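Structural overview
The chain contents come next:
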Amino acid sequence: MKWDKILKLAGVILVVAAVAVLSVVPLFPGVKWLPFANLIKQGLDLKGGVHVVLEAQDTPEAPVTDDRVKQAMAILENRVNAFGVAEPIIQQQGSRRIIIELAGVQDPDEAVGNLIKTAYLEFKTEDGTTVLTGRQLKNATDSKNPQTGQYEVNLEFEPDGAKAFAAVTAANVGKRLAIVLDGNVLQAPSIDEPIPNGKARIAPYESLEEAHNIAILLRSGSLPVKLEVMEKRTVGPTLGADSLDKSVKAGIAGLIGIVVFMLLYYRIPGLVANLALIIYALIVLMIFAALHVTMTLPGIAGFLLTLGMAVDANVIIFERLREELWSGKTLRSAIDAGFKRAFVAILDSNVTTLIAGAVLYYFGTGPIKGFAVTLTIGILASMFTAITMTRWLLHLVAGSNLVRNLKLYGA
């Protein structure tokens, strides 16, 4: 027996076992720390949240165009991100509608009110005349004035807005200019002097947080078109949790079935394949966590599908290995020849699946893209473990002389 190879094999088994155990068992009693479970975000269908459909409406100042709908989508996404909601889904439906999905939102009503409010910003004079809209506002930022120590909001207008703002402030010195968001007056600051450069300052605020919130509202209110809520639907986490639980149970049952079959039918190669399969699952979950993949039910389906394809690659390899052993080759040469003969078939089948995944990702939306991502990552990881890891482990076992009986290798 060659102890160096035996020690390498034992080291691999111990490391894989340790990582697998730490992935499902808390490090400390009472501490719910599941590395992969916590780092992989769950989608709307698993975690629950809010689903909202917005529709762009024509106004005399801003008729609906495709460019303005896309600008509105970008502004809504910035607004959601500014309030700290992670992994939102914002996509266009048709020519006028925008779909927004926020997973894991605890209070959907508050989310609709604060995050995806259909903000339409207007600047009105004391007589109620709209002189500027949010389309003409370029930016709004919060700051603390170093000279006065006051918290303030700084406004910057687009060129056409700056021109209109200069005329309005010149004609209304000493009067108030109301800032109206969705028909509600946010503020009505007094115009102290004409402002010709398109840059204004609103002050004071009680805190920087208050100024920050107002700045967010003003920036997000700079929608190029008016939007109305057409549908608001709350997705409860109960259905998602039940589906996730059933998916996990199905995955475990399938994995146990695969492990038992491979072990009984292929013996030593099957045992090696089972170890490689565990390594494959850990690699895929680590990649999901590193890339911050949002897991959905279709994504879980994609992962389980690649799990079966990873086993399929090993089946092709082991059948070729059997044929080489039957032809009278030695174990080591049979392993190399078996992998060489199986490589072309494995490559062809996986490349065609990768092409299908690329097409689904390019043309799909939402959960379909999630399925494509998990499918692609799983295919690449399965090719690596089947072609590289399984081969290396088989050579370790064969080189260690732990098992010399060729019948246990399929001969």
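Here, the structure is the one placed above.
Described in the following lines is the structure provided in the data block.

Analysis parameters
Residues numbered from 1 in each chain as written. Predicted model: local features only at pLDDT ≥ 70, side-chain atom pairs only at ≥ 80, totals over all residues. Heavy atoms only, no water. Helix = DSSP H or I, 4+ residues; strand = E, 2+ residues; numbered from the N terminus. Buried < 20%, exposed > 50% of the residue type's maximum accessible area, 1.4 Å probe, protein only. Areas by Shrake-Rupley, 256 points an atom, 1.4 Å probe, with all protein chains shown as cover. Pairing = 2+ DSSP bridges. Axes fitted to C-alpha atoms, helices over the stretch in contact; angles between N-to-C directions. Left-handed = near helix turned anticlockwise from the far one by under 90°. Contact = heavy atoms within 4.5 Å. Nonpolar A, V, L, I, M, F, W, Y, C, P; charged D, E, K, R; others polar. Phe/Tyr/Trp six-rings, centres within 6.5 Å; stacked < 30°, edge-to-face > 60°. Lys NZ or Arg CZ within 6 Å of the ring centre and 35° of its normal. Salt bridge = Lys/Arg side-chain N within 4 Å of Asp/Glu carboxyl O. Polar contact = N/O pair within 3.5 Å; in protein donor to acceptor, adjacent residues only side chain to side chain.

A word on the overall build of the protein
The helix and strand tally for the protein stands at 12 helices and 13 strands. Per-residue burial over the protein gives 43% buried out of 411 residues. Surface summary for the protein: the accessible area is close to 21000 Å², and the carbon and sulfur share equals 61%.

What to know about the sheet that holds strand S8 (residues 151–157)
Across the sheet, which stays open at both edges, the three strands sit in the order S7-S8-S11 with antiparallel pairing between neighbours. Of all strands in the sheet, those with a lone pairing partner are strand S7 (137–144) and strand S11 (199–205), marking the two edges. The sheet shows a mean angle of 20° between the axes of neighbouring strands, direction not considered. As judged from the seven bridges shared by S7 and S8, these two strands associate in the antiparallel manner. Across the sheet, residue alanine 140 finds its bridge partner in S8, namely leucine 155.

Examining the packing of helix H10 (residues 297–326) against helix H11 (residues 331–363)
The N-to-C vectors of H10 and H11 enclose an angle of 145°; their axes lie 7 Å apart at closest approach. Both H10 and H11 take part in a crossing whose hand is right-handed. On H11, the residues touching Met309, Ala313, Ile316, Ile317, Arg320, Leu321, Glu323, Glu324 and Leu325 of H10 are Leu331, Ala334, Ile335, Ala337, Gly338, Phe339, Arg341, Ala342, Ala345, Ile346, Asn350 and Thr353. Considered class by class, the residues forming the contact of H10 with H11 number 14 nonpolar, three polar and four charged.

A few points about the pairing of strand S6 (residues 130–133)
Note: strand S5 (residues 121–124) against S6, three bridges, orientation antiparallel. Counted as the bridge partner of phenylalanine 123 is leucine 132 from S6. In sequence, S5 turns back onto S6 through a hairpin of five residues, with glycine 128 there showing a positive phi of about 90°.

With respect to the packing of aromatic side chains
Counting across every chain of the model gives nine aromatic pairs. A centroid spacing of 5.6 Å and a plane angle of 65° characterise the contact between phenylalanine 123 and phenylalanine 157, whose relative ring orientation is edge-to-face. Of this pair, phenylalanine 123 sits in strand S5 while phenylalanine 157 sits in strand S8, placing them 34 residues apart in sequence. Like phenylalanine 123, the residue phenylalanine 157 is buried in the burial classification. With centroids separated by 6.3 Å and ring planes inclined at 70°, the aromatic side chains of phenylalanine 288 and phenylalanine 303 adopt a geometry described as edge-to-face. Taken as a pair, phenylalanine 288 in helix H9 (residues 268–290) and phenylalanine 303 in helix H10 lie far apart in primary sequence, 15 residues in all. In this structure, phenylalanine 288 and phenylalanine 303 share a single accessibility class: buried. An aromatic cluster is built from Phe261, Tyr265, Tyr266 and Phe318, whose rings are joined through pairwise contacts. Sitting above the plane of the tyrosine 265 ring, arginine 322 keeps its charged end 4.6 Å from the centroid.

Quick word on the pattern of salt bridges
A full pass over the atoms with the stated rule returns nine salt bridges. Two residues, arginine 96 and aspartate 58, come together in a salt bridge whose shortest N-O distance is 2.8 Å. Here the residue arginine 96 occupies a position in the loop between strand S3 (89–93) and strand S4 (97–103), and aspartate 58 occupies one in the loop between strand S2 (49–57) and helix H4 (66–82), the gap between them amounting to 38 residues. In this structure aspartate 58 comes out as partly exposed when scored by relative accessible area, which is 45%. A salt bridge links lysine 138 to glutamate 156, with the nearest nitrogen and oxygen atoms 3.8 Å apart. Of the two residues, lysine 138 is situated in strand S7 and glutamate 156 in strand S8; the sequence distance between them amounts to 18 residues. What makes glutamate 156 partly exposed here is its relative accessible area of 28%. If you follow the salt bridges from partner to partner, you end up with Glu323, Glu324, Lys329 and Arg341 in one network.

Looking at the side chain of glutamate 152
Position of glutamate 152 relative to the elements: it lies in strand S8. In this structure glutamate 152 comes out as buried when scored by relative accessible area, which is 5%. Separated by 3.4 Å, the side chains of glutamate 152 and asparagine 145 make a polar contact.

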